[in-house]
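# Tertiary structure, described
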Amino acid sequence: MPAVSKGDGMRGLAVFISDIRNCKSKEAEIKRINKELANIRSKFKGDKALDGYSKKKYVCKLLFIFLLGHDIDFGHMEAVNLLSSNKYTEKQIGYLFISVLVNSNSELIRLINNAIKNDLASRNPTFMCLALHCIANVGSREMGEAFAADIPRILVAGDSMDSVKQSAALCLLRLYKASPDLVPMGEWTARVVHLLNDQHMGVVTAAVSLITCLCKKNPDDFKTCISLAVSRLSRVGTPSSSLGRQELGHGHHPSWFARRAGHSARCVPFISPEDAAVKGRLVECLETVLNKAQEPPKSKKVQHSNAKNAILFETISLIIHYDSEPNLLVRACNQLGQFLQHRETNLRYLALESMCTLASSEFSHEAVKTHIDTVINALKTERDVSVRQRAADLLYAMCDRSNAKQIVSEMLRYLETADYAIREEIVLKVAILAEKYAVDYSWYVDTILNLIRIAGDYVSEEVWYRVLQIVTNRDDVQGYAAKTVFEVRAPLEGVSGRGQWSLAPLTPTPAHSPPVQFSLLHSKFHLCSVATRALLLSTYIKFINLFPETKATIQAVLRAGSQLRNADVELQQRAVEYLTLSSVASTDVLATVLEEMPPFPERESSILAKLKRKKGPGAGSALDDGRRDPSSNDINGGVEPTPSTVSTPSPSADLLGLRAAPPPAAPPASAGAGNLLVDVFDGPAAQPSLGPTPEEAFLSELEPPAPESPMALLADPAPAADPGPEDIGPPIPEADELLNKFVCKNNGVLFENQLLQIGVKSEFRQNLGRMYLFYGNKTSVQFQNFSPTVVHPGDLQTHILSGPLAVQTKRVAAQVDGGAQVQQVLNIECLRDFLTPPLLSVRFRYGGAPQALTLKLPVTINKFFQPTEMAAQDFFQRWKQLSLPQQEAQKIFKANHPMDAEVTKAKLLGFGSALLDNVDPNPENFVGAGIIQTKALQVGCLLRLEPNAQAQMYRLTLRTSKEPVSRHLCELLAQQF
Amino acid sequence: MQFMLLFSRQGKLRLQKWYVPLSDKEKKKITRELVQTVLARKPKMCSFLEWRDLKIVYKRYASLYFCCAIEDQDNELITLEIIHRYVELLDKYFGSVCELDIIFNFEKAYFILDEFLLGGEVQETSKKNVLKAIEQADLLQEKTETMYHSKSFIGFKKAY
């Protein structure tokens with residue numbers, strides 16, 4: 001913990017936060033908060049005028065209460081008052097409150113705007129920045145109206161400080177995004193473009209963000225920025241130039257800028273003939289980036305490569321955006337190919353995603369296709385559902401006539417085990433690919449039927465209608481389709497069954513006699529839903545037309561009371577009408593009425609439309625349109641690329657009874673998956689009703705309505721089988737006891753049960769340690785998937801950036817034979833002082849049953865003790881130096897073991913400190929000294945142990961330079977006697 | 001960037017920053033949903049997920065999750081870098097930052113974020129400059145603070 005307080009010393013606030021944290025229950029917390037609210041309210045209302053400091057403190061408390069999730073309905077006025085304080089800290093808190101808790105109370109907005117206006121005019125850069133931050137944070141229309149005209153002036157004023165310019169640029173950007181009409185374009189725009197040449201990297205970055213957004217809407221005003229951006233980019237891109245070095249030297253990240261500049265270039269329509277030179281330079285830059293990405297990394301840190309790869313991915317999207325440089329596109333594809341098998345999941349995900357867009361370019365499509373095996377493998381083996389989804393997307397994008405069979409069959413295979421969340425989408429994709437690239441109809445029909453067999457519940461109506469359309473339009477398919485359907489339909493039920501019933505009668509199948517067909521159909525009738533039964537009735541009347549010999553049987557069915565008096569109006573009506581039709585009409589009339597359906601007019605596949613709806617506007621269509629093979633001879637005679645036409649059943653479709661079918665309900669399984677997740681992951685702090693409720697349209701401005709898509713698909717990418725956020729379980733109950741055995745010794749048996757024995761041997765020197773763990777299989781059966789892992793549990797005190805201990809482990813063999821022992825070496829480095837030991841989690845399969853065990857690794861802070869010898873005089877001098885009450889920890893406790901001086905000595909030495917003789921006036925007492933070595937700091941420790949043989953008690957006193965260390969050592973050691 | 005959330009492994013929200021106008025109700029709903037989604041993911045899964053029409057980028061540091069929502073054209077790796085940069089800033093400022101620092105000095109965490117990101121865009125790319133700005137503010141602060149407080153509280157951080 002840092003020695004210096006960075007808090008601004010609002011003691012009352014710290015006490016209040018401590019109180020809240022100490023509350024044992026939600027009720028206690030609410031009670032404490034209400035008490036505080038009452039207190040603050042009375043202070044604000046009181047007769048005595050509050051000083052600035054108190055006002056600031058109370059406003060800060062209110063803010064904290066709000067951030068805990070409680071509503072705040074007062075204090076705004078006091079916060080506004082703070083704005084006009086001339087003390088920076090009060091002003092700052094005031095602004096923070098306003099930006100977090102603003103409401104559009106018009107009275108207050110006027111006051112706030114006044115205060116902001118004053119600060120903007122103050123010419124004090126820190127005040128100006130605060131005001132600009134506030135405008136940017138609130139970003140409301142009222143603020144836009146008040147300041148949109150002023151900010152450009154501040155931005156381009158010659159005497160504005162860099163920090164003010166930065167804030168002004170981004171502030172303006174925010175206002176422009178919120179209400180573009182309020183920001184007038186003017187002569188300032190030309191001057192903003194020149195900020196790209198600014199010396200200060202932060203100004204450039206902020207300006208690029210602003211320009212990127214502005215030039216999307218006003219390309220003409222910002223034409224000049226392209227060449228500036230490109231030249232700036234080329235200077236950053238080539239580190240040999242002095243500017244590049246200079247920028248790196250200042251600790252700036254060129255990546256921010258590089259990506260921004262690239263971004264802005266992407267937003268401006270490119271006019272190639274005029275700007276050939278500029279374009280040439282840009283291509284050069286892009287090549288440089290690609291080359292640099294190939295260089296071996298200078299540092300192994302993930303962060304470093306993140307920055308580098310971010311530039312690479314940004315470059316690739318720029319290359320894709322121009323889509324005119326075949327060489328670059330192919331190179332980009334090859335470089336992405338290397339990432340497909342990278343060990344970082346993040347990079348695999350991004351590579352799959354970027355490649356998806358590359359696949360849509362005619363130049364790189366072939367190059368993408370070469371990675372098909374890797375992608376298929378990813379689909380099968382990736383552990384993360386979001387990555388698998390990317391792989392499925394990419395397969396879809398790279399599919400063409402040459403590889404359709406392979407891709408479709410792989411996707412079908414994947415569908416059998418796919419996550420519920422993405423099944424429906426995969427079904428749609430398979431259906432589209434099968435249709436688009438079918439070479440023969442039997443393959444198409446087989447594929448679709450397979451699809452239904454594997455994922456019946458997820459095959460939506462659209463897929464069905466589409467199959468019907470296609471089969472209806474093709475005489476030659478009908479025979480095959482009907483026959484296949486007839487053969488496989490017996491095991492099929494549910495939604496998917498519906499289409500089958502209507503398919504069957506399209507063509508007589510020679511293999512089976514009509515009565516047999518009919519009885520097969522009818523045998524399932526009572527199991528079907530109302531909609532399906534309606535379709536069936538239509539089918540029956542067609543049977544009568546085609547096969548007069550079935551007429552009597554069918555009329556009997558129609559006449560049955562369960563049909564004629566059916567509770568469902570639709571069924572009843574059909575039964576009555578068909579019965580009458582069949583008895584009244586002559587054969588000719590019947591034949592005319594039930595004439596074979598005319599082919600469907602050509603129009604966009606309804607499935608494609610559905611996929612686009614699911615993907616949001618534009619996402620699907622770009623892919624599909626770009627990739628269409630013009631010479632392709634689709635089954636359906638080519639799909640019209642008109643995204644706006646959403647197919648509706650044509651009037652003729654009613655003959656098949658399509659109209660009668662109700663809109664499909666959301667697949668029950670995906671809705672169920674959401675609920676399941678709620679149950680499983682309902683953490684202690686989580687609210688009970690976390691499931692997505694579709695009726696509350698939030699983020700509605702951002703999202704086009706997609707009423708039919710099941711919520712769970714978008715909201716819950718995590719598979720339902722997840723065990724929880726942590727990979728490892730809590731330590732076993734006796735873990736603390738086991739740990740205590742190792743406080744004063746380094747070797748021994750850490751754990752033993754009937755299956756497994758874990759032995760430990762360790763040595764420590766300064767802040768480093770090496771530990772050997774021996775895992776012994778006590779059974780005669782092989783352990784499988786044996787995997788011991790070490791993790792450091794994060795808690796409130798854990799430093800965020802890195803844990804206090806760096807533990808390197810080597811993998812051990814996944815199999816441990818019966819009676820055998822495997823050894824694992826751990827290299828441990830202590831970076832800072834710590835209180836909780838790392839956890840050792842051991843998992844394996846024994847006779848098929850998974851076993852899991854979590855222990856505390858015997859690494860305690862005292863292992864990093866370095867004994868220090870010193871004379872009595874030195875000892876007492878240091879003892880006195882550590883005299884602050886919090887530097888000392890003391891414990892008086894009863895002896896748990898016989899009080900033997902030699903054993904005690906051995907324990908203290910084992911604990912790690914030096915034992916100092918002739919220091920304490922009482923020879924019975926023990927005195928020790930040592931230094932705890934960590935990488936970050938050293939902690940000097942002095943200890944004194946006073947045994948009282950008569951009372952069978954000890955008194956243990958520790959003094960160290962760090963309070964938590966004193967307490968922790970005292971606790972550890974006290975348990976040893 | 002549309003918003004940034006910091007929450008603990010137990011699902012407690014530690015900091016929220018919204019760069020798009022949303023009602024309190026919507027904010028609460030988004031937070032609930034995202035916290036739940038992110039906490040349900042396993043450690044080795046990738047840091048990105050599609051959520052509604054946004055991309056979520058998150059990373060866990062010790063007990064804290066940092067979670068950002070970005071738009072379609074934004075770069076995921078840059079966002080990870082932004083998160084890391086913010087953590088580094090907190091770390092530098094507090095000196096080995098831990099969750100408690102952020103709980104007790106939430107206003108500082110906000111100030112640092114405001115210096116670093118503005119309106120969802122990176123404002124200052126240099127760590128040094130951000131910290132300089134914050135330290136200057138602290139200096140301004142202490143001049144006034146000392147009038148109210150004895151130095152016993154400043155200069156020694158209580159272990160809670």
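Scoring rules and cut-offs
Residues numbered from 1 in each chain as written. Chains lettered and ligands numbered in written order. Predicted model: local features only at pLDDT ≥ 70, side-chain atom pairs only at ≥ 80, totals over all residues. Heavy atoms only, no water. UniProt positions renumbered as here; feature names shortened; annotations may be inferred. Helix = DSSP H or I, 4+ residues; strand = E, 2+ residues; numbered from the N terminus. Contact = heavy atoms within 4.5 Å. Areas by Shrake-Rupley, 256 points an atom, 1.4 Å probe, with all protein chains shown as cover. Buried < 20%, exposed > 50% of the residue type's maximum accessible area, 1.4 Å probe, protein only. Pairing = 2+ DSSP bridges. Axes fitted to C-alpha atoms, helices over the stretch in contact; angles between N-to-C directions. Expected span 1.5 Å × (residues − 1). Core = buried A, V, L, I, M, F, W, Y, C linked by side-chain atoms within 4.5 Å. Phe/Tyr/Trp six-rings, centres within 6.5 Å; stacked < 30°, edge-to-face > 60°. Lys NZ or Arg CZ within 6 Å of the ring centre and 35° of its normal. Disulfide = S-S within 2.5 Å. Parallel < 35°, antiparallel > 145°, perpendicular 65-115°, else oblique. Left-handed = near helix turned anticlockwise from the far one by under 90°. Lys, Arg positive; Asp, Glu negative; His and termini not counted. Salt bridge = Lys/Arg side-chain N within 4 Å of Asp/Glu carboxyl O. Polar contact = N/O pair within 3.5 Å; in protein donor to acceptor, adjacent residues only side chain to side chain.

Under an unreviewed UniProt entry, chain B has the name AP complex subunit sigma and belongs to Gorilla gorilla gorilla. Its UniProt record, at the heading Subunit (unreviewed entry), says of chain B: "Adaptor protein complex 1 (AP-1) is a heterotetramer composed of two large adaptins (gamma-type subunit AP1G1 and beta-type subunit AP1B1), a medium adaptin (mu-type subunit AP1M1 or AP1M2) and a small adaptin (sigma-type subunit AP1S1 or AP1S2 or AP1S3). Binds to MUC1." The Function (unreviewed entry) field of the UniProt record for chain B holds the comment "Subunit of clathrin-associated adaptor protein complex 1 that plays a role in protein sorting in the late-Golgi/trans-Golgi network (TGN) and/or endosomes. The AP complexes mediate both the recruitment of clathrin to membranes and the recognition of sorting signals within the cytosolic tails of transmembrane cargo molecules."

An unreviewed UniProt entry annotates chain A as AP-2 complex subunit alpha originating from Macaca nemestrina. UniProt, in the comment section headed Subunit (unreviewed entry), describes chain A in these words: "Adaptor protein complex 2 (AP-2) is a heterotetramer composed of two large adaptins (alpha-type subunit AP2A1 or AP2A2 and beta-type subunit AP2B1), a medium adaptin (mu-type subunit AP2M1) and a small adaptin (sigma-type subunit AP2S1)." One UniProt comment on chain A, placed under Sequence similarities (unreviewed entry), says "Belongs to the adaptor complexes large subunit family."

The number of helices and strands found in chain B is 5 helices and 7 strands. Starting at the N terminus, the α and β elements of chain B follow one another as β-β-α-β-β-β-α-α-α-β-β-α. At a minimum sequence separation of 6, the contacts of chain B that also span at least 24 residues come to 49%. For chain B, the accessible surface area stands at approximately 5100 Å², while carbon and sulfur atoms represent 52% of it.

Moving on to the overall build of chain A. Looking only at helices and strands, chain A features 42 helices and 14 strands. Counting every position in chain A, which comprises 977 residues, the buried fraction comes to 53%. By element, 53% of the accessible surface of chain A is carried by carbon and sulfur atoms, the whole surface being about 43100 Å².

Residue and element names in this part refer to chain B. Judged by pairing direction, the sheet is antiparallel, and its 5 strands sit side by side in the order S2-S1-S5-S4-S3 without closing on themselves. What marks the edges here is a single partner per strand, and that holds for strand S2 (13-18) and strand S3 (48-51). When the angles between neighbouring strand axes are averaged without regard to direction, this sheet yields 20 degrees. Bridge count between S3 and strand S4 (residues 54-61): 4 bridges; the pairing is antiparallel. Across the sheet, the residue bridging to Leu 49 is Ile 56, located in S4. Contacts from helix H4 (residues 106-116) reach strand S1 (3-8) and S2, with the element oriented near 30 degrees to S2.

Here we come to helix H1 (residues 11-22) of chain A. Taking 1.5 Å as the rise per residue, H1 of chain A with 12 residues should run 16 Å; its terminal C-alpha atoms sit 16 Å apart, in good agreement. Those residues of H1 of chain A that are buried lie in contact with helix H2 (26-45) and helix H3 (52-67) of chain A together with helix H3 (99-104) and H4 of chain B.

Moving on, we get to the nonpolar core. Judged by nonpolar contacts, the single largest core of 202 residues is most densely connected at Ile 116 of chain A together with Tyr 86 of chain B. The element contributing the most residues to this core is helix H2 (residues 76-94) of chain B, with 11 residues. Setting aside its immediate chain neighbours within four residues, Ile 116 of chain A contacts Tyr 95, Ala 131, Cys 134, Ile 135, Met 143 and Phe 147 of chain A. In this structure, Phe 742, Tyr 775, Val 822 and Tyr 954 of chain A belong to the second largest nonpolar core, which totals 59 residues.

So, on to unusual backbone geometry. A positive phi angle is found at Arg 123 of chain A, which is not glycine, with a value near 65 degrees. Looking at the element boundaries, Arg 123 of chain A is found in the loop between helix H6 (106-121) and helix H7 (125-138).

Turning our attention to the sheet that holds strand S7 (residues 839-846) of chain A. Residue and element names in this part refer to chain A. An order of S4-S7-S8 is seen for the 3 strands of this open sheet, with the pairing classed as antiparallel. The two strands at the open ends of the sheet, each matched to only one other strand, are strand S4 (783-791) and strand S8 (849-856). Neighbour to neighbour, the strand axes of the sheet diverge by 15 degrees on average, direction disregarded.

All right, on to the pairing of strand S3 (residues 768-777) of chain A then. Residue and element names in this part refer to chain A. For S3, a buried count of 7 out of 10 residues is recorded, marking the element as mostly surrounded by other parts of the structure. Connecting the antiparallel pair strand S2 (residues 756-765) and S3 is a turn made up of 2 residues, with Gln 766 showing a positive phi of about 50 degrees. Summarising the sheet, S3 and strand S6 (residues 821-830) pair through 9 bridges and their orientation is antiparallel. Of the residues in S6, the one forming a bridge with Leu 768 is Glu 829.

Moving on, we come to the packing of aromatic side chains. In this structure the tally under the stated criterion is 25 aromatic pairs over all chains. Between Phe 313 of chain A and Phe 339 of chain A, the ring centres sit 5.7 Å apart and the planes meet at 25 degrees, which makes this aromatic pair stacked. Within this pair, whereas Phe 313 of chain A is found in helix H17 (residues 302-322), its partner Phe 339 of chain A is found in helix H18 (residues 326-339), the two being separated by 26 residues in sequence. Since its relative accessible area comes to 10%, Phe 339 of chain A is described here as buried. An aromatic cluster is defined as three or more aromatic residues linked by ring pairs; in this entry it consists of Tyr 775, Phe 783, Phe 786, Phe 844 and Tyr 846 of chain A. One Lys or Arg, Lys 745 of chain A, reaches over the ring of Phe 742 of chain A and ends 5.4 Å from the middle of that ring. A cation over a ring is seen here: Arg 52 of chain B above Trp 51 of chain B, with NZ or CZ 5.4 Å from the ring centre.

Evaluated as defined, the whole model comprises 0 disulfides over all chains. In this structure Cys 67 of chain B is not part of a disulfide, and its nearest cysteine sulfur, from Cys 68 of chain B, lies 6.8 Å away.

What follows deals with the packing of H1 of chain A against H3 of chain A. All names here are of chain A. Interhelical geometry of H1 versus H3 gives an angle of 25 degrees and a closest axis separation of 9 Å. In terms of axis orientation, H1 runs roughly parallel to H3. Crossing geometry of H1 relative to H3 is assigned as right-handed. For the pair H1 and H3, contact is made by Arg 11, Gly 12, Leu 13, Phe 16, Ile 17 and Ile 20 and by Tyr 53, Lys 57, Cys 60, Lys 61, Phe 64 and Ile 65, respectively.

With that settled, the discussion passes to the side chain of Lys 907 of chain A. Residue and element names in this part refer to chain A. Mapping Lys 907 onto the fold places it in helix H41 (residues 901-911). In this structure Lys 907 is buried but unpaired, with Asp 900 as the nearest side chain of opposite charge at 9.8 Å. Among the polar contacts made by the side chain of Lys 907, one reaches the main-chain carbonyl oxygen of Gln 976 at a distance of 2.6 Å. For Lys 907, the residues in contact, after removing those within four places along its chain, are Cys 744, His 897, Gln 976 and Phe 977.

Residue and element names in this part refer to chain B. Relative to the assigned elements, Tyr 86 resides in helix H2. Given a relative accessible area of 0%, Tyr 86 falls into the buried group. Sequence separation between Tyr 86 and Ala 109 is 23 residues, and the spatial gap between their C-alpha atoms is 9.4 Å.

Pairs can form between side chains of opposite charge whenever their charged atoms are close. A full pass over the atoms with the stated rule returns 37 salt bridges over all chains. Close ionic contact of Glu 145 of chain A with Arg 141 of chain A constitutes a salt bridge, the shortest N to O distance being 3.7 Å. Note that Glu 145 of chain A and Arg 141 of chain A are positioned in helix H8 (residues 141-147) at a spacing of 4 residues, about one turn of the helix. One network of salt bridges, in which partners are shared, links Arg 390, Asp 393, Glu 425 and Lys 429 of chain A together with Glu 50 of chain B.

Take the environment of Arg 348 of chain A next. All names here are of chain A. Relative to the helices and strands, Arg 348 is located in helix H19 (residues 345-358). Residue Arg 348 is classed as buried on the basis of its relative accessible area of 14%. When the C-alpha positions of Arg 348 and Glu 382 are compared, they lie 9.7 Å apart, and in sequence the two are 34 residues distant. With sequence-adjacent residues up to four places away left out, Arg 348 is seen in contact with Phe 339, Leu 340, Gln 341, His 342, Arg 343 and Glu 382.

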